[in-house]
Amino acid sequence: MAQQHGMSEGTRVHHLPSGVIRVVVPARIASDLGRMQGITKEILGELGCGGCHSGYDLRFEQENQFIINEQGQIAR
Amino acid sequence: MTLPELGVGIIYAPALEPLLEAAPDLITVVELEPQMLWLYDPEEEQPYRFAPGALERVRRLPQAKLVHGVGFPVGGSRIPDPRALDVVNQAIEALNPPWVSEHLSFNRAADASGEFNTGFLLPPLPTQSGVDGAVGTVRSVAARLPVPLAVETGVNYLQPQPWEMSDGAFAAAVARTADCGILLDLHNLWTNCCNGRQTVEEFLEEIPLERVWEVHLAGGMELDGYWLDAHSGPVPEDLLALFERVAPRLPELRAVIFEIMPAFAASLGLDAVRGQIERLRAIWEGRRTGAAYVASGRATRPPPADTPLDARTWEDCLGALVVGRRPEGLLAGELTSDPGVAILQKLVWNFRAGTVTGTLKLTTRLLLITQGAEGTRALLDGFFRSSPPQLFGSAEAEGFARYLAGQKLDVPYLADVLRFECATLRTLVHGRSRVARLHHDPAPLLEALAAGRLPAQVREGNYEVEITPDRATTEALMGQPLTTT
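A short tour of the structure in this document, coming up. (Residues numbered from 1 in each chain as written. Chains lettered and ligands numbered in written order. Predicted model: local features only at pLDDT ≥ 70, side-chain atom pairs only at ≥ 80, totals over all residues. Heavy atoms only, no water.)

## Observations regarding helix α4 (residues 128-143) of chain B
Here α4(B) is 16 residues long and its end C-alpha atoms lie 22 Å apart, about the 22 Å a rise of 1.5 Å per residue gives. All buried positions along α4(B) are accounted for by Ser129(B), Gly130(B), Val131(B), Gly133(B), Ala134(B), Val135(B), Thr137(B), Val138(B) and Val141(B). (Helix = DSSP H or I, 4+ residues; strand = E, 2+ residues; numbered from the N terminus. Expected span 1.5 Å × (residues − 1). Buried < 20%, exposed > 50% of the residue type's maximum accessible area, 1.4 Å probe, protein only.)

Have a look at this one:
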């Protein structure tokens, strides 16, 4: 399942006797999933304190623009 | 006290490592903002720690190292969490900086609901009461450090008031009374001047220049008529020219640091970043031939008559306003009429929204796709009103996830996506495997969201996603280096 969808190398799938399908994903792959189209690949900078600046944070607006662009492509 | 000359450098970011490794003769010092590489686990007695391998990765760079705090400023009347200083000291032990620096600002306030983080570095009360509060904090922090402390001259988006000390007089009084160094952030002073406060030259006339050990330079951007200290690009040419005039007047200057946010370094490109450092190095090398040093700090104007305001009242009122609360009283009324407060509120809102976006990327995408930008902003608004900013991104993400879970929203897949992202965050923070139980096949769901769309079809069922820490987790935490062109 996971490999079929190209979830990524390092991912394993187990069909448990209970019927549950368990996908094992390294944290590296899991965090990359959310960032493969993103503006930053530095997850640590996201988990820790913000940097030393007093400026305008663009991440939400950039994300919104990304979705608008994607929706536009789907519509076309 | 004689400190070693470190030369010209840059704030550390993993993406800059190729440049740092390729140009050790040009870039002779790198400055670490330690809290950016920390993980935060409030359940632990010592909640702060470096991400595995992060400190070693900085230590092995060929440059001399400096340590510059970003989370526990020393300009307010509240003493920062001593547990954080223990972890700063780990960085000092590993990197051997000749001095460390922190901001002459505050980021803690309190009201009837308790103490809270303000989400932004805010200016201390510029009166004798503010000086007294900052001096007490600087002394307390400096006493716990094994190396000297320098305080950074901060940004202030508020309009100057007749009852205030000037910014230069305030910084001078703190540095002299607390007997500490000064990190002269010229872009901060430039920003303050652009926004109606004291000029850089006036500021320099008032401070003891012989206490300046370090200079910061950066670029900024404009928003709503304000110049912002955004670290978003090259240093303005006029500011470079000003630095060239100022550098010869700083007899104890030991380091010059260029500051740029990693996202902007990526768009500027490493070659352009290198070009900026070459400009700074040329000024650094030429500073000895400039005008002779003249002992400074004698031009300090007498402070205006003090006001009955005390530092704690100022911090609590300004802190409450910028996080969107509505404190009452004369001071609150005066501050609210200052357009700088509206700018601060906007910056705090955007910083918080950016933090949620950065930590819960797939959740944010799902909300934007299903609720639209306005609907997502309304949800963020609701969360921000219900909960003050968190210092660490992981804590802000956990808070937003809890808020969303309590809203009983009719958003397809939301519960699954939140469980997946929270499990990933917790694995990264705690270093232990986490299992997220989902009701939809995770692969097509998550991959569609990663591509910015809803999945066409997702099978329902009982799925478990186990997120495991692995050998490459450090690399995942630290991100990928930029490549040179």
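## Structural notes on the nonpolar core
As a rule of thumb, nonpolar side chains are buried together in soluble globular proteins. All names here are of chain B. Residues Leu 184, Leu 186, Ile 207 and Phe 243 are the most contacted members of the largest nonpolar core, which totals 142 residues. The leading source of residues in this core is helix α14 (residues 361-386), at 10 residues. Each of domain 1 (7-289) and domain 3 (356-478) contributes no fewer than three residues to this core. (Core = buried A, V, L, I, M, F, W, Y, C linked by side-chain atoms within 4.5 Å. Domains from an automatic or database assignment.)

## Points about the pairing of strand β2 (residues 21-26) of chain A
Remember that side chains alternate between the two faces of the sheet whenever the strand is regular. Residues and elements named next belong to chain A. In terms of residue burial, β2 counts as a mostly covered element, since six of its six residues are buried. Across the two faces of β2 the burial is the same, with Ile 21, Val 23 and Val 25 and Arg 22, Val 24 and Pro 26 all buried. Bridge count for strand β1 (residues 12-15) against β2 is four bridges, and the pairing is antiparallel. Note on β2: the bridge partner recorded for Arg 12 is Val 24. (Pairing = 2+ DSSP bridges.)

## Points about the packing of aromatic side chains
Scanning all chains against the criterion turns up 15 aromatic pairs over all chains. Geometrically, the ring pair formed by Phe60(A) and Trp349(B) is edge-to-face, given 6.1 Å between the ring centres and 80° between the ring planes. Taken together, the positions of Phe60(A) in helix α3 (residues 59-75) and Trp349(B) in helix α13 (residues 339-359) put the pair across two chains. Judged by its relative accessible area of 2%, Phe60(A) falls in the buried class. On the basis of an interplanar angle of 80° and a centroid distance of 5.5 Å, the ring pair of Tyr48(B) and Phe72(B) is categorised as edge-to-face. With Tyr48(B) in strand β4 (residues 48-50) and Phe72(B) in the loop between β5 (64-68) and α3 (82-95), this pair connects stretches of sequence that are 24 residues apart. Like Phe72(B), Tyr48(B) is buried. Grouped by ring-pair contacts, the aromatic residues Phe60(A), Trp349(B), Phe383(B), Phe384(B), Phe400(B) and Tyr403(B) constitute a single cluster. The positively charged end of Arg59(A) is found above the aromatic ring belonging to Phe351(B), 5.9 Å away from the centroid. Over the ring of Phe116(B) we find Arg325(B); its NZ or CZ atom is 4.3 Å from the centre of that ring. (Phe/Tyr/Trp six-rings, centres within 6.5 Å; stacked < 30°, edge-to-face > 60°. Lys NZ or Arg CZ within 6 Å of the ring centre and 35° of its normal.)

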